[in-house]
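Each chain, written out:
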Amino acid sequence: MIIKGIRDEDFLQYKLPSMLVAFPSCTFKCEKECNCKGMCQNGALANSPNIEISATDIVARYLKNPISKALVCGGLEPFDSWDDLYALLIEFRAR
């Protein structure tokens with residue numbers, strides 16, 4: 001799967017320490033609706049390089065980390081990468 005980033009321990013996105021997986025896709029609906037280019041709060045992330053990693057590897061990293069207690073799917077728009085998001089959640093729940 002393709003992601004923009006992964007943070008094994010994140011303390012900002014959720015009330016518990018979490019693993020943050022940053023998904024790479026977005027329709028930029030916000031910019032289109034207001035007709036304002038360059039207003040994306042995640043513009044730097046959108047321009048960062050893609051990372052290829054398997055859902056199995058992400059879950060293995062999560063399970064090896066004694067600090068993270070939750071998985072946060074963030075980044076651009078996780079639902080715009082539905083197939084990868086679904087594969088990650090299936091693998092996460094299976095293990």
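This text follows the structure it describes.
Keep in mind that this is a model prediction, so the values were computed, not measured.

*Asks:* Before we move on, could you go through the pairing of strand 3 (residues 18–23) and cite the residues and values that matter?
*Replies:* The buried fraction of strand 3 is high, at six of six residues. Of the two faces of strand 3, the one carrying Ser-18, Leu-20 and Ala-22 and the one carrying Met-19, Val-21 and Phe-23 are both buried. Where strand 3 and strand 5 (residues 70–75) come together, six bridges link them in parallel fashion. In the strand pairing of strand 5, Phe-23 is matched with Gly-75.

*Asks:* Tell me what's going on with the sheet that holds strand 5, and back it up with residues and numbers.
*Replies:* One key point about sheets: their strands pair by backbone hydrogen bonds, in either a parallel or an antiparallel sense. Spatially, the three strands line up as an open sheet ordered 2-3-5, and their pairing is mixed. The sheet terminates laterally at strand 2 (5–10) and strand 5, the two strands that pair on one side only. Sheet twist, expressed as the average angle between the axes of neighbouring strands with direction ignored, equals 20 degrees. Lying over the sheet, helix 3 (residues 55–64) contacts strand 2, strand 3 and strand 5, oriented at roughly 160 degrees with respect to strand 3. Along the sheet face, helix 4 (residues 82–94) touches strand 3 and strand 5 and points at about 175 degrees away from the line of strand 5.

Cut-offs and rules
- Counting of residues starts from 1 at the beginning of each chain's written sequence and follows it residue by residue.
- Side-chain atom pairs in this predicted model are given and counted only at pLDDT of 80 or more, local residue features only at pLDDT of at least 70, and totals for whole chains, interfaces and linings cover all residues.
- Side-chain numbers come from the whole structure's heavy atoms, not from hydrogens or water.
- Using a 1.4 Å probe on the protein chains alone, a residue whose accessible area is under 20% of its type maximum counts as buried, one over 50% counts as exposed, and one in between counts as partly exposed.
- Each helix is a run of H or I in the DSSP string that is no shorter than four residues. Each strand is a run of E no shorter than two, and both are numbered from the N terminus.
- Strands are labelled as partners when DSSP assigns at least two bridges between them.
- Here an angle of 0 to 180 degrees is reported between the N-to-C directions of two axes, which are lines fitted to C-alpha atoms, with helices fitted over the stretch in contact.
- Only heavy atoms matter for contacts: two residues are in contact if any of them lie within 4.5 Å across the pair.

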